[in-house]
Amino acid sequence: MPKKKKRKEFQALKGMRDLLPPDTAWWDKLIKTGEDLARDFGFQKIETPVIEDAELFIRGTGATTDIVSKQMYFIKTAGGTSLALRPEGTPGVVRAYMENGLASLPQPIKLFYFGPMFRHEQPQAGRWRQFYQFGLEVFGDSGAVLDAQIIQFCFNLFKAVGLKKINIHINSLGCPQCRPAYRRVLLDYYRYRKDRVCPDCKRRLKENPLRLLDCKEEKCQPIKSQAPASVDHLCDECRKHFKEVLEFLDELEIPYFLNSALVRGLDYYTKTIFEIFWEEEGLAPGALGGGGRYDNLVKELGGKPTPAVGVALGLDRIVALMKKEEVKVGSEPNFKVFLVQLGLMGKKKSLKLFEKLHQAGILAAESLSRDSIKAQMKIADKLGVKFALILGQQEALDGTVIIRDMQSGVQETVPQEKVVEELKKRFRK
Ligand code: HAM
């Protein structure tokens, strides 16, 4: 006899998971608050596909970044085209901006999005292979006020979802005019010390010197802490721009921390960059969000020169903090009545009655899968509704329903078509 094949037990892939109740209540609160706030700030929603041409991220996010070189999910189609699961949202939004002629609309264009991103990372606390971002992108305005407004949005959003202890780290990376000179100064500094840095930093020296400042290795810290800062090598325009951003933040009384070691892990940034952290170190793994200005990306991806600035917030990490901080989320719906049914006919009419009540705006709870009246009355009691509506075989045949006042126990039989009217009368009393 052939051996019976063992049935496979399916599991979510490593680094991916289901979002389940009750956690989804925190997710809903965060996303709804984010969307409402974004609209209040004049942003409009955009959605882009989760799969794009891999080249978009190679040229957009940067070929030598960890995100693209180590973490991006590539898909090869049967025809040989290289696609990628988006590791971040910005390049897709830039593509959509160019492809759909958004540049010809009055600028700036302010867009927000929410959705899953994919990075093949080693899963650990706060790090997922499928994770969710809420992002903002503004196109067509180089003003420092927009950098500040994006940070203001983040500050308000965290406050609105009950997370007040956030820290904003900010820096300026300069522009193509001043960055090469800074890069040279940094290279000179590290070249003299290259025997004392970790192997990763030796590689960074060749490939991406700015990333030297991102090193977390213990042995590199003393060298890193003395390294030249980009803010000391900005051209006049970048210095003025950064000063203005900080002045706007001061005006808004938003506290920030000037962090000269902040470089961000994506290639497209110019001028302002920032990251948001939770105040109590160790409680939140990594940044809760990050962003900055990217004035050259639209042009580099084939569009007209268009200044831009944006942010993405890591929702998985923010929800984890909301849970840890026991942020209150929406309470149970405030049910007004409970539908008690008995027998198949009663069940059928109850379902119809539920529809009628719903349309009349009367929130009705039910337990249609239960058959015992006693069990149903117990739930009605627990929910604290004012009235139970009882529909048995007899009522179904007569076209009536019993309205039971849960407090006094008084019952009255009314025609089904009058039940909404009768209830409204009783609620008014
Ligand atoms: P990012 O810093 O790569 O920036 O990601 C933003 C946030 O996404 C991070 O601060 C973190 O909270 C969250 N995040 C990143 N990777 C993971 C992961 N594996 N698991 C959980 N959360 C994660 C960007 O993506 C840019 N597109 C931001 C931007 C928009 N810049 C300008 N516009």
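What you are looking at is a predicted structure, and each value in this text was computed from that prediction instead of being measured. (Residues numbered from 1 in each chain as written. Predicted model: local features only at pLDDT ≥ 70, side-chain atom pairs only at ≥ 80, totals over all residues. Heavy atoms only, no water.)

## Re the sheet that holds strand β2 (residues 51-53)
A sheet is described by the order of its strands in space; here three strands give the open sequence β2-β4-β3, paired in antiparallel fashion. Two strands bound the open sheet, and with one partner strand each, they are β2 and β3 (73-76). On average, adjacent strands in this sheet sit at an angle of 35 degrees to one another, irrespective of strand direction. Here helix α2 (residues 54-62) sits on the sheet in contact with β2, β3 and β4 (82-85), set at roughly 75 degrees to β2. (Pairing = 2+ DSSP bridges. Helix = DSSP H or I, 4+ residues; strand = E, 2+ residues; numbered from the N terminus. Axes fitted to C-alpha atoms, helices over the stretch in contact; angles between N-to-C directions. Contact = heavy atoms within 4.5 Å.)

## Looking at the packing of aromatic side chains
Counting across every chain of the model gives 11 aromatic pairs. Here Phe114 and Tyr132 contribute two aromatic rings whose centre-to-centre distance is 6.4 Å and whose plane-to-plane angle is 25 degrees, an arrangement assigned as stacked. Highlighted residues: Phe114 in strand β5 (residues 109-118) and Tyr132 in strand β6 (residues 130-139), separated in sequence by 18 residues. Taking relative accessible area as the criterion, Tyr132 reaches 14% and is therefore assigned buried. With 5.4 Å between their ring centres and 80 degrees between their planes, Tyr189 and Tyr190 make a pair best called edge-to-face. Here Tyr189 matches Tyr190 in class, with each residue buried. Among the aromatic residues, those joined into a ring-pair cluster are Tyr97, Phe139, Tyr268, Tyr269 and Tyr294. Its guanidinium or amino end placed over the ring of Trp128, Arg17 lies 3.8 Å from that ring's centre, counting from NZ or CZ. Sitting above the plane of the Tyr189 ring, Arg193 keeps its charged end 3.9 Å from the centroid. (Phe/Tyr/Trp six-rings, centres within 6.5 Å; stacked < 30°, edge-to-face > 60°. Buried < 20%, exposed > 50% of the residue type's maximum accessible area, 1.4 Å probe, protein only. Lys NZ or Arg CZ within 6 Å of the ring centre and 35° of its normal.)

## Structural notes on unusual backbone geometry
Going from Pro21 to Pro22, the amide bond is cis rather than trans, its omega being 5 degrees. With respect to the helices and strands, Pro22 occurs in the segment before α1 (23-40). Pro108 follows Gln107 through a cis peptide bond whose omega is 0 degrees. Considering the arrangement of structural elements, one finds Pro108 in the loop between α4 (90-99) and β5. Despite not being glycine, Arg264 shows a phi value in the positive range, around 70 degrees. With a phi close to 50 degrees, Glu326 is a non-glycine residue in the positive phi region.

## Considerations on helix α6 (residues 179-191)
Its 13 residues place the ends of α6 18 Å apart at the C-alpha level, agreeing with the 18 Å of an ideal helix rising 1.5 Å per residue. Looking only at α6, the buried set comprises Arg179, Tyr182, Leu186, Leu187, Tyr189 and Tyr190. Along α6, the residues classed as buried sweep out an arc of 160 degrees about the axis, all on the same side. Looking at the packing, one finds that the buried side of α6 touches α7 (199-207), α8 (221-225) and β9 (270-278). (Expected span 1.5 Å × (residues − 1). Arc of directions from axis to C-beta.)

## A look at the pattern of salt bridges
Evaluated as defined, the whole model comprises 26 salt bridges. In this structure, Glu422 and Arg426 form a salt bridge, with 2.8 Å as the shortest nitrogen-oxygen distance. Residue Glu422 and its partner Arg426 are located together in helix α15 (residues 419-428), separated by four residues, close to a single helical turn. Neither Glu422 nor Arg426 differs from the other in exposure class; each is buried. (Salt bridge = Lys/Arg side-chain N within 4 Å of Asp/Glu carboxyl O.)

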